[in-house]
Amino acid sequence: ADALRNGPGWLAPAAPAFVAVKLLAGGMVSEGEFIVMAEDLANRAPLGGATGRNAIHSALRVLDARWRPRVARAMVYLARDAVTPLIPLSRFQPPKEVFRALSPEFMERRGALAFDRLDDQLMVAVLNPYDEVLRGDVRQCVRKPCAFFLAFPGEYDTTAAFMLE
């Protein structure tokens, strides 16, 4: 149980299955649902708004596609566990110049999008709140301080689609 709570040593936090393991450890999904999630992630089954051929495959998208009524509770759990604030992207109208801080390819492949500014920091929504490598790569790309937020997968996809218009 402790290995699940802290994340298994054999699975990097950047791996999509890491979030699935955290959901299992927190009681957000059953063992059977976890197996379905792992299979979807391994098979890269088409999910929700993840339409691009390079779109990130995330446990949150699997959860949203298969068990939508439980997404909100699971997101609150992940935000607390990862100490990453949950953000309702639907309440923001991202300025195009902020969005351009990260390339569309980065947004699709890595699951991070810039959506606003907070003082001197760039506000960045992510689909994996545990991925410190992603955070470092974002900071390196934008060359400025960043504040990271966990985004609901559907809102992430809607915001991304709006920004790509």
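The following refers to the structure shown.

Parameters at a glance
Here the residue numbers are simple positions, counted from 1 along each chain's written sequence. Local features in this predicted model are restricted to residues whose pLDDT is 70 or higher, and side-chain atom pairs enter the listing and the counts only when it is 80 or higher, whereas totals over whole chains, interfaces and linings include all residues. Excluding hydrogens and water, the side-chain figures rest on all heavy atoms present in the structure. Categorising residues by exposure relies on relative accessible area from a 1.4 Å probe, with only protein chains included: less than 20% of the type maximum marks a residue as buried, more than 50% marks it as exposed, and the intermediate range marks it as partly exposed. The way it works is that DSSP assigns letters per residue, a run of H or I at least four long becomes a helix, a run of E at least two long becomes a strand, and they are numbered from the N terminus. By definition, two strands form a pair when at least two bridges between them are found by DSSP. Whether a crossover is right-handed comes down to one check: with the strands pointing away from the viewer, does the path from the first strand over the helix to the second run clockwise; if it does, it is right-handed. A fitted line through C-alpha atoms serves as each axis, taken over the contacting stretch for helices, and the angle formed by two N-to-C directions is quoted from 0 to 180°. Orientation labels follow simple angle bins: below 35 degrees gives roughly parallel, above 145 gives roughly antiparallel, 65 to 115 gives roughly perpendicular, and whatever is left gives oblique. In this description, contact between two residues means that some pair of their heavy atoms is separated by no more than 4.5 Å. Three classes are used, and their members are as follows: Ala, Val, Leu, Ile, Met, Phe, Trp, Tyr, Cys and Pro are nonpolar, Asp, Glu, Lys and Arg are charged, and the others, Gly among them, are polar.

### Let's talk about helix α2 (residues 16-25)
Since there are 3.6 residues in each turn of an α-helix, residues three or four apart along the chain are aligned in direction.
At step 1: The buried count for α2 comes to seven of 10 residues, which makes it a mostly enclosed element.
At step 2: Here α2 has its buried residues at Phe18, Val19, Ala20, Val21, Lys22, Leu23 and Leu24.
At step 3: Just past α2, the residue Gly27 takes up positive phi, approximately 75 degrees.

### Quick look at unusual backbone geometry
At step 1: Here the phi dihedral of Asp119 falls at roughly 55 degrees; this positive angle occurs in a residue that is not glycine.
At step 2: The class for Asp119 is exposed, based on a relative accessible area of 75%.
At step 3: Unlike most non-glycine residues, Arg143 shows phi in positive territory, near 55 degrees.
At step 4: Take Arg143: its relative accessible area is 73%, and that puts it in the exposed class.

### Considerations on the pairing of strand β4 (residues 146-151)
Here is the key point about a regular strand: its side chains alternate between the two faces of the sheet.
At step 1: Among the six residues of β4, six are classified as buried, and the element is accordingly described as predominantly covered.
At step 2: Going residue by residue along β4, you find Cys146, Phe148 and Leu150 tucked away on one face and Ala147, Phe149 and Ala151 tucked away on the opposite face as well.
At step 3: Two elements, strand β3 (residues 121-126) and β4, share five bridges in a ladder whose sense is parallel. Directly across from Val126, in β4, lies its bridge partner Leu150.
At step 4: A crossover connection joins β3 to the parallel β4 through helix α8 (residues 132-142); in handedness this β-α-β unit is right-handed.

### Let's talk about the packing of α2 against helix α5 (residues 71-82)
At step 1: Orientation of α2 relative to α5, taken along the N-to-C sense of each, is 105 degrees, at an axis distance of 11 Å. Taken as axis vectors, α2 and α5 run roughly perpendicular relative to one another. Facing α2, whose interface residues are Val19, Lys22, Leu23 and Ala25, α5 presents Ala74, Tyr77, Leu78 and Asp81.
At step 2: The residue inventory of the contact of α2 with α5, partitioned by class, reads six nonpolar, no polar and two charged.

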